[in-house]
Amino acid sequence: MAEVETQKELDFERKHKEDLQRIRNFRLMDDDFMSKVFEDKPCAECLLQIILNRDDLTVQEVHGQHDLKNLQGRSVRLDILAVDQENHTYNIEVQRNDHGAGAKRARYNSSLLDANLLNPGDKFDELPESYIIFITEHDVLKGAKPLYTVNRTISELDHAIFTDGSHIIYVNGEIRNGTALGELMQDFFCKDPREMHYKVLSDRAGYFKKDKEGVDTMCKIMEELRDKTAAEVAEKVTSERNHEIAL
């Protein structure tokens, strides 16, 4: 019994050391870390002001790891869901994998967000403007631009903007120059908060990397992710075993 307890303690210490090392290596491009940093309103506000080039934007509400479902029950977990003072709604996603930021994924996220923004009895004109923002590790659209703005247009009217209030934005993480957006992207790839350009992001990232309370929060999140993964694996194994028995 004592040997079992000793082994458990050793396993816990090993996992804890691994977690601490992972936390030190976290960047804002890592979705779990990004979600915790930007669920803070001042951080989300800083991010949106830079991307949209608006210093008058004020974030009223923000949620990290927010779940949305369609009518068939399929869910999507949004990295960040924010609402500003004009009731404009923003879904902000970080994508290190190019496939995760494809055009159809952007369309799906946009439609799912819209479907959850109106309550029964609301008029369609009350649907707020929505922004799907992908911050990508690579230049997904291959145009060598720091930012791409996607809006619907009317072909027969010289591609005039179709003002449905739906917007998709891609931020190219490969361009890290001396502009405000370029410095923001440098911060997204920075492991050491002390080297970040934006103080509000540096302070928040430092809290989760160096402050005991913040580090404990990240460790708890990683433990929950391990438990969830283990449960999903066990459920898959059980399902496959039951299928084999049925055959």
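Residues numbered from 1 in each chain as written. Predicted model: local features only at pLDDT ≥ 70, side-chain atom pairs only at ≥ 80, totals over all residues. Heavy atoms only, no water.

Engineer: How do you make sense of the nonpolar core when you look at a structure like this?
Structural biologist: It is characteristic of soluble globular proteins that their nonpolar side chains tend to be buried jointly. Ranked by size, the top nonpolar core spans 45 residues in total, and within it Phe38, Ile51, Ile133, Ile135, Leu184 and Phe188 carry the most contacts. If one sorts the elements of this core by residue count, helix 3 (residues 41–52) sits on top with 8 residues. Among all residues touching Phe38, those that are not within four sequence positions of it are Leu28, Cys43, Ala44, Leu47, Val62, Ile80, Phe188 and Leu201. (Core = buried A, V, L, I, M, F, W, Y, C linked by side-chain atoms within 4.5 Å. Buried < 20%, exposed > 50% of the residue type's maximum accessible area, 1.4 Å probe, protein only. Helix = DSSP H or I, 4+ residues; strand = E, 2+ residues; numbered from the N terminus. Contact = heavy atoms within 4.5 Å.)

Engineer: It is not clear to me how the side chain of Asn91 should be interpreted in this structure. Could you clarify?
Structural biologist: Along the chain, Asn91 falls in strand 3 (residues 89–95). Among the polar contacts listed, one links the side chain of Asn91 to the side chain of Glu93, at a separation of 2.7 Å. A polar contact is formed between the side chain of Asn91 and the side chain of Asn109, at a distance of 3.2 Å. With residues up to four places along the chain from it excluded, the contact list for Asn91 reads Leu78, Asp79, Ile80, Asn109, Leu113, Tyr131, Ile132 and Ile133. (Polar contact = N/O pair within 3.5 Å; in protein donor to acceptor, adjacent residues only side chain to side chain.)

Engineer: Explain the pattern of salt bridges here, please?
Structural biologist: Any two side chains of opposite charge can pair, so long as their charged atoms come close to each other. Across all of its chains, the model carries 12 salt bridges by this definition. Arg77 is paired through a salt bridge with Asp67; the nearest N and O atoms lie 2.9 Å apart. Placement of the pair is Arg77 in strand 2 (residues 75–84) and Asp67 in strand 1 (residues 59–69), with a sequence separation of 10 residues. On the basis of relative accessibility, which here comes to 42%, the residue Asp67 falls in the partly exposed class. Among the salt bridges present, the one from Asp203 reaches Lys199, with a minimum N-O distance of 2.6 Å. You can see Asp203 and its partner Lys199 sitting in helix 6 (residues 199–210), 4 residues apart, about one turn around the helix. (Salt bridge = Lys/Arg side-chain N within 4 Å of Asp/Glu carboxyl O.)

Engineer: Is there a simple way to explain helix 4 (residues 103–115) in this structure?
Structural biologist: It helps to recall that an α-helix has 3.6 residues per turn; residues three or four apart then point in one direction. Helix length check: helix 4, at 13 residues, gives a terminal C-alpha distance of 18 Å against a target of 18 Å (1.5 Å per residue), a fit within 8%. Listed as buried for helix 4 are Ala106, Asn109, Ser110, Leu112 and Leu113. (Expected span 1.5 Å × (residues − 1).)

Engineer: What is the right way to read the sheet that holds strand 4 (residues 130–136) from this model?
Structural biologist: In sheet architecture, strand pairing relies on hydrogen bonds along the backbone and comes in two forms, parallel and antiparallel. Within the open sheet, the 6 strands sit side by side as 1-2-3-4-8-5. Their pairing is mixed. In the strand order of this sheet, the two ends are held by strand 1 and strand 5 (147–150), each with one partner. Averaged over all pairs of adjacent strands, the angle between strand axes in this sheet comes to 20°, irrespective of strand direction. Examined bridge by bridge, strand 5 and strand 8 (residues 166–172) share 4 bridges and lie antiparallel to one another. When the sheet's bridge partners are listed, Tyr148 is paired in strand 8 with Tyr170. Of the strands in this sheet, strand 1, strand 2 and strand 3 touch helix 2 (residues 31–38), which is tilted by about 25° from strand 2. Running over the sheet, helix 4 touches strand 1, strand 2, strand 3, strand 4 and strand 8 and is turned about 145° from strand 4. (Pairing = 2+ DSSP bridges. Axes fitted to C-alpha atoms, helices over the stretch in contact; angles between N-to-C directions.)

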